[in-house]
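Breakdown of the fold
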Amino acid sequence: MNKITFNQASASGLPSSPGAYILGNGSKVHYVGRTDDLQRRTREHLNNETNPRLRAASITTMWYEPTRTVADAQRLERAWYAKYRPDCNLLAP
């Protein structure tokens with residue numbers, strides 16, 4: 001799993017490929033997600049966050065894992081959700 005600081009500068013270095021990701025601060029996991037484009041989705045979280053719980057969580061760190069397919073990303077997202085039980089996901093995957 002890769003780790004970056006959750007900001008615009010770091011987002012520009014992410015791959016534009018499918019993947020699963022975790023948003024948190026310190027060692028606390030707040031959100032688990034998947035996407036068909038890690039870079040685009042990270043920018044969406046940074047610029048247009050509509051989840052009030054996630055917006056209030058003061059996210060500082062992102063862990064991510066690029067995958068070959070969105071289906072692979074979905075399997076990883078489900079496993080991480082079960083393992084970490086994030087407090088800001090509005091719906092379970």
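One can find the structure itself at the top, above this paragraph.
I will try to describe carefully the structure that is included in this document. (Residues numbered from 1 in each chain as written. Predicted model: local features only at pLDDT ≥ 70, side-chain atom pairs only at ≥ 80, totals over all residues. Heavy atoms only, no water.)

**A few points about the pattern of salt bridges**
- Following the criterion strictly, the structure yields six salt bridges and no others.
- Between D87 and K28 there is a salt bridge; the shortest N-O distance is 4.0 Å. Here D87, found in the segment after α4 (70-84), pairs with K28, found in strand β3 (residues 28-35); they are 59 residues apart in sequence, far enough to count as distant.
- For R40, the salt bridge goes to E44, with nearest N and O atoms at 2.8 Å. A residue pair is termed a helical-turn pair when its members lie 3 or 4 positions apart in one helix, as R40 and E44 do in helix α2 (residues 38-48) at four residues.
- Residue R40 is classed as partly exposed on the basis of its relative accessible area, which comes to 35%.
- The exposure class of E44 is partly exposed, given its relative accessible area of 29%.
- Taken together, the salt bridges that share partners define one network made up of D36, R40, R41 and E44. (Salt bridge = Lys/Arg side-chain N within 4 Å of Asp/Glu carboxyl O. Helix = DSSP H or I, 4+ residues; strand = E, 2+ residues; numbered from the N terminus. Buried < 20%, exposed > 50% of the residue type's maximum accessible area, 1.4 Å probe, protein only.)

**Observations concerning α2**
- Along α2, the residues that are buried comprise L38, Q39, T42 and H45. On an axial view of α2, the arc spanned by its buried residues comes to 125 degrees, and they lie on one face.
- Of the surrounding elements, those touching the buried residues of α2 are α1 (8-11), β2 (19-25), β3, α3 (52-55) and β4 (61-66).
- N-capping of α2 is provided by D37, with a side-chain oxygen placed 3.2 Å from the backbone N of Q39. (Arc of directions from axis to C-beta. Contact = heavy atoms within 4.5 Å. Polar contact = N/O pair within 3.5 Å; in protein donor to acceptor, adjacent residues only side chain to side chain.)

**Details of the pairing of β4**
- Sheet topology places strand β1 (residues 2-5) next to β4; four bridges connect them, and they run antiparallel. Across the sheet, residue T5 finds its bridge partner in β4, namely T61.
- Across six bridges, β2 lies against β4 in antiparallel orientation. The residue of β4 that forms the bridge with I22 is W63. (Pairing = 2+ DSSP bridges.)

**Topic: the nonpolar core**
- Within the largest apolar cluster, 13 residues are counted, with the highest numbers of intra-cluster contacts made by Y21, L23, L54, I59, M62 and Y64.
- When neighbours within four sequence positions are excluded, Y64 is seen to be in contact with M1, N2, I4, L14, P15, A20, Y21 and L38.
- By size, the runner-up hydrophobic cluster in this structure holds six residues, among which are A20, I22, V29 and V32. (Core = buried A, V, L, I, M, F, W, Y, C linked by side-chain atoms within 4.5 Å.)

**Description of the side chain of T61**
- Take T61: it is sitting in strand β4.
- Of note is the side chain of T61, whose polar atom sits 3.3 Å from the side chain of T60.
- Those residues within four positions of T61 in sequence are excluded, and the remaining contacts are K3, I4, F6, I22, L23, G24 and G26.

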